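# Coordinates in review
So you can see what is in the structure, the chains are spelled out below.
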Amino acid sequence: MSNSPFDDEPMLSAGEPATEAAAIAPLPASRQTDTKRLFDRITAEIGKVFVGQQELVLGSLVALFSSGHILIESVPGLGKTLFVRTLGRVLGCHFGRIQFTADLMPSDITGAPIFDMKTQEFRFRPGPVFTQLLLADEINRSPAKTHAALLEIMQEYRVTIDGKSHNLTRPFLVLATQNPIESEGTYNLPEAQLDRFMFKLTADYPRAEEEAQILELHSRQVDVNERLESELTPLTTPDEIVRITKQNAEVRVDARLIDYINKLVRLTRKWRQFYLGASPRAGIALMQSARTLAAFAGRDYAVPDDVVQLALPALRHRVILTAEAEVDGRNVDELLTELIRSVEVPRL
């Protein structure tokens, strides 16, 4: 029987059709490894303060331990800031938040040289991007040049000012959000920039019992900083996260599974309802994240279910519907689900 904290959530399975509402969840553990034990402790500790949103929690952890970044589509008020602060406390990492606005400039996030009156020289003042867990709230509200600067940092893990590079401390995870219901005053992220995100996760309203638990936990006007300090225990360190990330790269992926990933990605480029299919970066994201999900389940090898469970988050922002499909009211996740069903799952 699985020890996953998400056992009550529906799981995608290679032997079953994918569903839009299914959450990412590690398969039953084959053995209790150090990574599996750490994963279980982290998710249990997060659950003391942050309720529900299993796809967000697990997707963020998979991306973090795979050196990726995530785009979150959700309405306001679902606790994304609380989640990042909780994650930072539990992981022993620094966290920060940037509220993207129409007048936000690249230097506002990267930092800029300032003149030091004492030394009579310019020195670099680091911006808020110099952290380890960064919540980029409503990223599509800033001009293109501003979120382009952030996306460059996500790729290079450094900031270059006046020809001098300033490296960011690893690990570095960006959780960028966008509101699905507002379009006024927003700038859509180009497809080339969306492709930089490992996952696009959707956060929806909590279930009735989860919302009741949220009301019980967070309606007493207790200072959040005090709760985070008193109720949560740091369980790991940035150095250990980097070490486990490198260790996860050793998880075995069978040649038949590589072929399966390749077929899924390439089929998006031929699917009739897709105007634009996924790039090779989608296959790389699926490979990396499947290794991490396997490690979370206590395995040193990936299986098709790891890939199937991560396919929607890894592909949904990398494909574009045709005009006909949009007119017909088709949904990206529904079409991707049909695509995944059509590819034969390898038996390993």
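First, a word on scope: everything that follows refers to the structure included in this document. (Residues numbered from 1 in each chain as written. Predicted model: local features only at pLDDT ≥ 70, side-chain atom pairs only at ≥ 80, totals over all residues. Heavy atoms only, no water.)

### Side note on the packing of aromatic side chains
Inspection of the entire model under this criterion finds five aromatic pairs. Both rings, one in phenylalanine 39 and one in phenylalanine 296, keep their centres 4.6 Å apart while their planes meet at 15°; by these two values the pair is stacked. Here the residue phenylalanine 39 occupies a position in helix H1 (residues 34-46), and phenylalanine 296 occupies one in helix H11 (residues 280-296), the gap between them amounting to 257 residues. Across this residue pair, the class does not change: phenylalanine 39 and phenylalanine 296 are buried. Among the aromatic residues, those joined into a ring-pair cluster are Phe39, Phe65 and Phe296. Above the plane of the ring of tyrosine 157 lies arginine 170, whose end atom (NZ or CZ) is 3.7 Å from the centre. (Phe/Tyr/Trp six-rings, centres within 6.5 Å; stacked < 30°, edge-to-face > 60°. Helix = DSSP H or I, 4+ residues; strand = E, 2+ residues; numbered from the N terminus. Buried < 20%, exposed > 50% of the residue type's maximum accessible area, 1.4 Å probe, protein only. Lys NZ or Arg CZ within 6 Å of the ring centre and 35° of its normal.)

### Topic: the environment of arginine 256
The residue arginine 256 is located in helix H10 (residues 255-268) in this model. Residue class for arginine 256 comes out partly exposed when judged on its relative accessible area of 44%. Excluding residues within four positions of it along the chain, arginine 256 makes contact with Pro346, Arg347 and Leu348. Polar side-chain contacts of arginine 256 include one of 3.1 Å to the backbone oxygen of arginine 347. (Contact = heavy atoms within 4.5 Å. Polar contact = N/O pair within 3.5 Å; in protein donor to acceptor, adjacent residues only side chain to side chain.)

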